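Letter by letter, the chains look like this.
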Amino acid sequence: MHHAARRTAVATAARTRTHLAGTAAALAKAKAAASMAPSVRGSAAMSTASAPPSSSVPPSAGTDAPAAAATAKVGGTTVRPSLADRLGETSGVPTFGATVAEIFALPLDSRVTSQGWVKTFRVQKTHTFIQLSDGTTAAHLQIVVPGALRDLATGVAIRVAGTLKPSPAGLQQDVELHAEPADVTVVGGCDPSYPLQKKKHGIDFLREITHLRPRSNIFSAASRVRNASYVGLHDYFQQSGFVHIHTPLLTSSDCEGAGETFKVVAPSDVAPGADPAKPYFSTPSVNLTVSGQLHLEMFAHAHPRVYTFSPAFRAEQSLSTRHLSEFYMLEAEVSFVDSLQPLLDLTTGCVQAAARRVNLADVTLLADLADAGGDKSPAARTARRAAAEARVRDLAERPFAVLSYTDAVAYLASHKRAKMFKYPVKWGLALQAEHETLLAADVGRPVFVTDYPAPLKPFYMLPNALSSSESPDRTTVACFDLLVPGIGELVGGSLRQHDPEALARQLRDAGMDPEPYAWYLDLRRYGGAPHGGFGLGFDRLVRYLAGAESVRDVVPVPRYFGECRY
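Residues numbered from 1 in each chain as written. Predicted model: local features only at pLDDT ≥ 70, side-chain atom pairs only at ≥ 80, totals over all residues. Heavy atoms only, no water.

A. Expanded view of the packing of aromatic side chains. By the definition in use, this model includes 16 aromatic pairs. The interplanar angle of 65° and the centroid separation of 6.1 Å between the aromatic rings of Tyr230 and Phe538 together place this pair among those described as edge-to-face. Taken together, the positions of Tyr230 in helix H6 (residues 217-239) and Phe538 in helix H16 (residues 538-546) put the pair 308 residues apart, joining distant regions of the chain. Look at Tyr230 and you get partly exposed, because its relative accessible area is 33%. Look at Phe538 and you get buried, because its relative accessible area is 1%. Ring centres of Phe459 and Tyr520 lie 6.2 Å apart, and the angle between their planes is 75°; on these two criteria the pair is classed as edge-to-face. (Phe/Tyr/Trp six-rings, centres within 6.5 Å; stacked < 30°, edge-to-face > 60°. Helix = DSSP H or I, 4+ residues; strand = E, 2+ residues; numbered from the N terminus. Buried < 20%, exposed > 50% of the residue type's maximum accessible area, 1.4 Å probe, protein only.)

Given below as structure tokens:
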């Protein structure tokens with residue numbers, strides 16, 4: 001570069017820096033004048049007692065501050081801040097108060113802020129004792145405050161800051177939070193009519209207040225069991241190389257062929273003057289899904305291992321302890337399998353993974369609460385807790401048994417209680433709940449029953465080959481049901497028919513029209529590999545792990561025959 005040109009460039013650069021410096025100073029003053037609005041960074045740095053993470057919004061959001069407040073004059077020119085100058089930032093690290101579960105993991109003398117709901121409290125002359133719960137753990141946090149606090153009531157929401165101290169010897173908890181009266185703030189009052197006062201509440205009563213029952217100890221523990229087993233299942237499949245698929249809830253197919261589906265009708269289809277020839281959906285009938293299996297098979301022919309965890313619906317007028325109108329199913333499909341054994345091992349592995357994830361403290365708490373009206377002696381309590389722990393540990397650790405349908409029928413037919421059965425036991429007839437319950441109880445652990453007669457199972461299952469000595473009416477399919485003590489059927493699965501012509505025949509034999517299933521047959525025509533899968537009733541699994549009386553007691557907001565209030 002020539003010297004003259006260099007001097008010109010340096011002078012220009014100097015003038016530019018001076019101008020930018022003046023602009024920056026002016027903008028700084030403008031920003032200072034507008035600093036009354038809280039900044040995002042400031043919000044993120046505030047204590048949890050003064051600003052929750054949801055307050056982290058751009059400074060200008062929701063305000064009517066005039067634009068002139070963010071402008072400045074530089075050399076007679078009006079300078080407006082750029083878009084970048086107007087933007088705030090989020091940290092991606094939310095700031096919450098510590099949960100009770102987190103507090104129990106902190107070292108002594110930690111200074112901590114927490115919040116939750118008052119389960120119980122005692123006001124004495126010198127101290128107030130509060131039992132705080134936030135649903136994150138089976139144990140409550142005891143808060144000790146000097147003096148007699150006012151404005152407390154069971155159910156109120158409070159925020160409290162204090163120091164973690166060891167509890168005196170002999171108490172149930174190891175630590176407690178010591179706080180000053182000024183550091184306890186009621187942030188949500190509770191009307192005296194609150195129904196969950198300090199007393200025992202039966203399951204039937206709690207079922208009548210579904211909107212409040214998550215605050216009870218028993219449903220709080222059941223929710224933690226449900227969450228833990230849900231995470232355990234997802235982790236197992238993710239670590240086993242499966243791809244999670246969101247299958248549709250609206251479908252024109254009936255996977256089970258039972259016809260117990262909820263029909264979906266659009267408002268425009270029933271409006272006055274609606275044209276039946278032009279329905280909302282192009283298909284003549286749409287219903288809520290009873291299973292995601294058929295749609296999952298679409299992806300099983302593109303990914304060798306897939307699963308879905310979705311709600312399913314069945315319009316069954318049943319009030320049994322095992323059935324719901326809306327329920328959750330975990331379903332898996334695996335390609336390139338031609339025997340049941342890999343599916344049996346996969347089912348065992350995922351069920352055991354769910355059981356291993358559950359916190360035994362919640363299981364034993366549920367055992368205590370479920371039998372609150374029974375024997376209250378220390379020996380009985382110890383026995384209940386041991387039995388609950390053994391139930392979950394056995395599910396997590398012991399191998400599952402395997403028994404053919406034919407052998408199961410032979411065993412049940414010769415059982416000493418056979419004459420007491422309400423339903424007969426005979427080859428070719430379905431096993432009823434009473435048969436499944438007895439069989440699982442006698443085996444003493446989960447048992448796979450395999451190879452059921454073909455007429456008892458859905459159209460898509462793969463028939464087993466008949467031996468030369470077997471007649472066609474003894475045809476079985478490569479399938480299984482997993483029976484669990486006290487629950488009955490938990491999982492059902494099979495190999496799928498992968499021959500398109502054979503599948504079309506099976507559809508017709510089941511009285512179904514193959515035409516609506518043309519797409520399902522295409523999966524076989526275009527590279528259809530041998531495959532199989534299963535469906536697990538998640539609510540039933542949670543019921544077993546929690547030791548609950550009914551699936552209605554482990555579902556957040558249950559829907560069943562006659563019940564859909566919320």
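Next comes the rest of the account.
B. Expanded view of the pattern of salt bridges. Going through the model one piece at a time under the given rule, you end up with 19 salt bridges. With a closest N to O distance of 2.8 Å, Arg207 and Asp553 form a salt bridge. Of this pair, Arg207 sits in helix H5 (residues 203-207) while Asp553 sits in the segment after H16, and the two are 346 residues apart along the sequence. As far as the burial class goes, Arg207 and Asp553 line up, both buried. The network of salt bridges with common partners includes Asp204, Arg207 and Asp553. (Salt bridge = Lys/Arg side-chain N within 4 Å of Asp/Glu carboxyl O.)

C. Fine view of the side chain of Ser220. Residue placement: Ser220 occurs in helix H6. Judged by relative accessible area, Ser220 falls into the buried class, the value being 12%. Separated by 2.8 Å, the side chains of Ser220 and Arg224 make a polar contact. Beyond its immediate stretch of four places on either side in the chain, Ser220 contacts Gly135 and Pro214. (Polar contact = N/O pair within 3.5 Å; in protein donor to acceptor, adjacent residues only side chain to side chain. Contact = heavy atoms within 4.5 Å.)

D. Representation of the environment of Ile203. Position of Ile203 among the secondary structure elements: in helix H5. Taking the relative accessible area as the measure of exposure, Ile203 reaches 21% and is therefore partly exposed. C-alpha of Ile203 to C-alpha of Ala370: the two residues are 167 residues apart in sequence and 8.3 Å apart in space. Ile203 has contacts with Ile218, Phe219 and Asp553, leaving out every residue within four places of it along the chain.

E. Broad picture of a nonpolar patch on the surface. A cluster of nonpolar side chains, contributed by Leu250, Tyr280 and Phe281, occupies part of the molecular surface with about 310 Å² of accessible area. In this structure Phe281 comes out as partly exposed when scored by relative accessible area, which is 30%. (Patch = residues over 30% accessible without salt bridge, like charges linked within 9 Å, V, L, I, M, F, W, Y side chains within 5 Å. Areas by Shrake-Rupley, 256 points an atom, 1.4 Å probe, with all protein chains shown as cover.)

F. Region of the structure containing the packing of helix H10 (residues 360-370) against helix H11 (residues 378-397). Look at H10 against H11: their axes get within 9 Å of each other, and the N-to-C directions meet at 135°. Judged by the angle between their axes, H10 and H11 are oblique. Remark: the crossing between H10 and H11 carries right-handed chirality. Counted together, Leu360, Val363, Thr364, Ala367 and Asp368 of H10 and Arg381, Arg384, Arg385, Ala388, Glu389, Arg391, Val392 and Arg393 of H11 form the full contact between these two elements. Residues belonging to the contact of H10 with H11 are distributed by class as follows: 5 nonpolar, 1 polar and 7 charged. (Axes fitted to C-alpha atoms, helices over the stretch in contact; angles between N-to-C directions. Parallel < 35°, antiparallel > 145°, perpendicular 65-115°, else oblique. Left-handed = near helix turned anticlockwise from the far one by under 90°. Nonpolar A, V, L, I, M, F, W, Y, C, P; charged D, E, K, R; others polar.)

That's the geometry; what it means functionally is another story.
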